[in-house]
Amino acid sequence: METTVTDVPESDRFEIRDGDRVLGLAAYERRGDTLEFTHTEIDPDAGQSGLGGTLVRAALDEVRSRGGSVVPRCSFVAGWIERHPDYADLVADRDR
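Residues numbered from 1 in each chain as written. Predicted model: local features only at pLDDT ≥ 70, side-chain atom pairs only at ≥ 80, totals over all residues. Heavy atoms only, no water.

Peer 1: Just give me the short version of the pattern of salt bridges, but keep the residues and values in it.
Peer 2: A full pass over the atoms with the stated rule returns ten salt bridges. Between aspartate 7 and arginine 66 there is a salt bridge; the shortest N-O distance is 2.7 Å. On the criterion of sequence distance, the pair formed by aspartate 7 in strand β1 (residues 3-8) and arginine 66 in helix α1 (residues 51-66) is long-range, its members being 59 residues apart. The class for arginine 66 is partly exposed, based on a relative accessible area of 41%. Note that glutamate 15 is salt-bridged to arginine 17, the shortest N-O span being 2.9 Å. (Salt bridge = Lys/Arg side-chain N within 4 Å of Asp/Glu carboxyl O. Helix = DSSP H or I, 4+ residues; strand = E, 2+ residues; numbered from the N terminus. Buried < 20%, exposed > 50% of the residue type's maximum accessible area, 1.4 Å probe, protein only.)

Below is the structure:
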């Protein structure tokens, strides 16, 4: 399986795909340069563990490359950031 993670701004989400198949998504609401992550979902039939982490890491790396910040309202994203403190600097000050 060769996965890719892509921002799909017209749908307000990042998607993880295997070819044309969407395996999961991380939905967000944009507030200027800040993305409020609201929901993360992985297809339970995707057949590969770790897809959620791959999705969140790539989404946060993209936010970092743009100079933005995040508000992790989604419990999965919040938990992932807690387990990977090198991403804590991306959390908007109001949510720390």
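Now that the structure is up, let's keep going.
Peer 1: Run through the sheet that holds strand β5 (residues 69-72), naming residues and quoting values.
Peer 2: Taken together, the five strands give an open sheet; going across it, the order is β1-β2-β3-β4-β5, and neighbouring strands pair in mixed fashion. Either end of the sheet is taken by a strand with one partner, and the two such strands are β1 and β5. Sheet twist, expressed as the mean angle between neighbouring strand axes with direction ignored, is 30°. As judged from the eight bridges shared by strand β3 (residues 21-31) and strand β4 (residues 34-42), these two strands associate in the antiparallel manner. Counted as the bridge partner of leucine 25 is glutamate 41 from β4. Relative to the sheet, helix α2 (residues 75-83) contacts β4 and β5, its axis offset from that of β5 by approximately 115°. (Pairing = 2+ DSSP bridges. Axes fitted to C-alpha atoms, helices over the stretch in contact; angles between N-to-C directions. Contact = heavy atoms within 4.5 Å.)

Peer 1: Go over α2 with me, naming the residues and quoting the values.
Peer 2: Within α2, burial applies to Val77, Ala78, Gly79, Trp80 and Ile81. Looking at the packing, one finds that the buried side of α2 touches β4, α1 and β5.

Peer 1: Give a description of α1 that names residues and reports values.
Peer 2: Between its first and last C-alpha atoms α1 spans 23 Å; for 16 residues at 1.5 Å apiece the expected length is 22 Å, and the two agree. For α1, the set of buried residues is Leu51, Gly52, Gly53, Leu55, Val56, Ala59, Leu60 and Val63. Buried residues along α1 sit in contact with β1, β2 (13-18), β3, β4, β5 and α2. (Expected span 1.5 Å × (residues − 1).)

Peer 1: How would you explain the packing of aromatic side chains if you had to name every residue and give the values?
Peer 2: Scanning the model with the defined rule gives four aromatic pairs in all. Taken together, a centroid distance of 5.6 Å and an interplanar angle of 55° make the contact between phenylalanine 14 and tyrosine 28 tilted. Taken together, the positions of phenylalanine 14 in strand β2 and tyrosine 28 in strand β3 put the pair 14 residues apart, joining distant regions of the chain. Feature note: the residues Phe14, Tyr28 and Phe37 constitute an aromatic cluster, connected by ring pairs. Its end group placed over the ring of tyrosine 87, arginine 64 keeps NZ or CZ at 5.1 Å from the ring centre. (Phe/Tyr/Trp six-rings, centres within 6.5 Å; stacked < 30°, edge-to-face > 60°. Lys NZ or Arg CZ within 6 Å of the ring centre and 35° of its normal.)

In short, geometric facts, not functional conclusions.
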